[in-house]
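Now for the letters of each chain:
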Amino acid sequence: MSTFVKNAWYVAAWSREVGRTLLSRTLLGEQVLLYRREDGTPVALVDRCPHKLAPLSLGELKGDHVQCGYHGMTFDCTGTCVRVPGQQNIPPTARVTAFPLVERYGAVWIWMGDPACADIGTIVDVPHYGDPDWGLVDNQYLHFRSNYLNITDNLVDPAHTTYVHKNTIGNAAGEDVGVKVEQGDAHVLAYRWIRNAPPVPLVQKMANFSGMTDRWQYYYLHLPSTSYVDFGCIESGTEPTEDNKDRGFRSFSFNFLTPETETTTHYFWLHLRNYHAHDSAVSADVERLMTLTFEEDAVLLAYVQREQERTGVREYTRLGIDNAPARIRRMVERLIAQEAPLADKQGDARTTADACGA
Ligand code: FES
Ligand SMILES: [Fe+2]
């Protein structure tokens, strides 16, 4: 059974990847063609000609239209066939699905579920994006050979950092400080405060704290698969308002996971920080360190995926640290159940709002 939530916005590509050449990408198990119209508007169509199933991405752009590279059928950006070479009539089956798109945060977001449910208000909010006082590292991408839910497990699991990331961001300090978990309608949050502690090495290097600090780590998972980590510290005893946290040492790390297949995932990420915002050497450091860290996860999770496939089992033992991951999986299962085709529910008075998960 599919583990994909269809009624959600996913990053299909960074904006700069989509242009006047045909880009083919597998998203949620479907082959998708991406390009821009002459006016710059992005377009997404199923990358498959309805005639002999040739990938349209092997064809050519003709203005705003795509011409199949096999027999020349031509489709507009709504997926409607506008030309069949050699015949006048256009068969009613001669069309391809077009997907709603929106550009935000330097990325092209795609909606592959019921178009009636596509509400751009459900895209996660990225605080301080575009704020000149905050340093941005974006346009980042990794490919994970793992189902996306193994990655969401990992991204709300602070405990693994001590072991998986001992060469990068992990350290033993604070490992006994408990993690609290909260759940909202569309998110799960795992968080902890480490109070009255000396600043960690990164903070010592980047900021000037004379005394002890209160440090926070908030790991959010916005359903189905956007993760972000709000990390920072303030002088011990400072009231932890949002403004005070913004005046302290703070970063937001966003990971936008888009399932590619059931066993692979596109991993787009960006990072915002309020320290040394305009220092390109610091940006390069952030990029290098985050990439190394995420690659450590990617290596481990590829092995996890392999063993899951070999055994047909996801886990034999559940631990206390699995609280947040288990909640996410239950919430995702509920979303998928809500999306079960209306046709399967004869006599059921479900509305579109139900199917959209509203
Ligand atoms: S396969 Fe596309 S026109 Fe024949
Ligand atoms: Fe990790």
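Residues numbered from 1 in each chain as written. Chains lettered and ligands numbered in written order. Predicted model: local features only at pLDDT ≥ 70, side-chain atom pairs only at ≥ 80, totals over all residues. Heavy atoms only, no water.

1. Topic: helix H1 (residues 148-155)
Of all eight residues that make up H1, eight are buried, and the element is covered over most of its length. Taken together, the buried positions of H1 are occupied by Tyr-148, Leu-149, Asn-150, Ile-151, Thr-152, Asp-153, Asn-154 and Leu-155. The backbone nitrogen of Leu-149 has a side-chain oxygen 2.8 Å away, supplied by the residue at the start of H1, namely Asn-147. (Buried < 20%, exposed > 50% of the residue type's maximum accessible area, 1.4 Å probe, protein only. Helix = DSSP H or I, 4+ residues; strand = E, 2+ residues; numbered from the N terminus. Polar contact = N/O pair within 3.5 Å; in protein donor to acceptor, adjacent residues only side chain to side chain.)

2. Points about the coordination of the iron ion (ligand 2)
The coordination sphere of the iron ion (ligand 2), as far as protein atoms go, consists of His-160 (NE2), His-165 (NE2), Asp-297 (OD) and Asp-297 (OD), spread over 2.1 to 2.3 Å. Considered as a linear motif, the donors of the iron ion (ligand 2) on their single chain read H-x4-H-x131-D. A relative accessible area of 1% means that His-165 is categorised as buried. (Donors = N, O, S within 2.8 Å, 3.2 Å for Na, K, Ca; no water.)

3. A short note on the domain arrangement of the chain
Taken as a whole, the chain is organised into domain 1 (18-103) and domain 2 (126-335). Domain 1 and domain 2 are separated by 37 Å when their C-alpha centres are compared. If you look at the interface, domain 1 gives five residues, while domain 2 gives six residues. Contact between domain 1 and domain 2 buries roughly 400 Å² in total, counting both sides, with carbon and sulfur atoms accounting for 63%. Considering only the side of domain 1, the residues that lose the most area to domain 2 are Arg-25, Thr-26 and Leu-28, jointly responsible for 77% of the buried surface there. Class assignment of the residues belonging to the side of domain 1 that touches domain 2 gives a composition of two nonpolar, two polar and one charged. (Domains from an automatic or database assignment. Contact = heavy atoms within 4.5 Å. Buried area = accessible area lost by both parts, 1.4 Å probe. Nonpolar A, V, L, I, M, F, W, Y, C, P; charged D, E, K, R; others polar.)

4. With respect to the sheet that holds strand S4 (residues 42-46)
Across the sheet, which stays open at both edges, the three strands sit in the order S2-S3-S4 with antiparallel pairing between neighbours. Each end of this open sheet is capped by a strand with a single partner; those strands are strand S2 (23-27) and S4. When the angles between neighbouring strand axes are averaged without regard to direction, this sheet yields 30°. As paired strands, strand S3 (residues 30-36) and S4 are joined by five bridges and run antiparallel to one another. From the neighbouring strand, Arg-36 faces S4, where its bridge partner is Pro-42. (Pairing = 2+ DSSP bridges. Axes fitted to C-alpha atoms, helices over the stretch in contact; angles between N-to-C directions.)

5. As for unusual backbone geometry
The omega torsion of the bond from Leu-223 to Pro-224 falls at -5°, within 30 degrees of zero and hence cis. Here Pro-224 shows up in the loop between strand S14 (213-222) and strand S15 (226-235). With phi around 60°, Asn-139 is a residue other than glycine that occupies positive phi space. Here Asn-139 shows up in strand S11 (residues 135-144).

6. Digging into the environment of Leu-142
Looking at where Leu-142 falls in the secondary structure, it is placed in strand S11. In this structure, Leu-142 is in contact with Thr-265, His-266, Tyr-267, Trp-269, Phe-294 and Glu-295, ignoring residues within four places of it in sequence.

7. Some remarks on the side chain of Thr-264
Turning to its location among the elements, Thr-264 is positioned in strand S17 (residues 264-273). According to the relative accessible area criterion, Thr-264 is buried, its value standing at 11%. Side-chain polar atoms of Thr-264 contact the side chain of Glu-260, separated by 2.7 Å. Side chain to side chain, Thr-264 and Thr-261 meet in a polar contact 2.6 Å long. Once residues within four sequence positions are removed from consideration, Thr-264 is found in contact with His-143, Phe-144, Arg-145, Ser-146, Asn-147 and Pro-259.

8. Overview of the pattern of salt bridges
A complete count under the given rule lists 17 salt bridges for this structure. For Glu-17, the salt bridge goes to Arg-25, with nearest N and O atoms at 2.8 Å. You can call Glu-17 partly exposed: its relative accessible area is 30%. Judged by relative accessible area, Arg-25 falls into the buried class, the value being 13%. In this structure, Arg-48 and Glu-30 form a salt bridge, with 3.0 Å as the shortest nitrogen-oxygen distance. One end of the pair, Arg-48, is in the loop between S4 and strand S5 (60-62); the other, Glu-30, is in strand S3, and 18 residues separate them in sequence. If you follow the salt bridges from partner to partner, you end up with Asp-230, Glu-242, Lys-245, Asp-246 and Arg-250 in one network. (Salt bridge = Lys/Arg side-chain N within 4 Å of Asp/Glu carboxyl O.)

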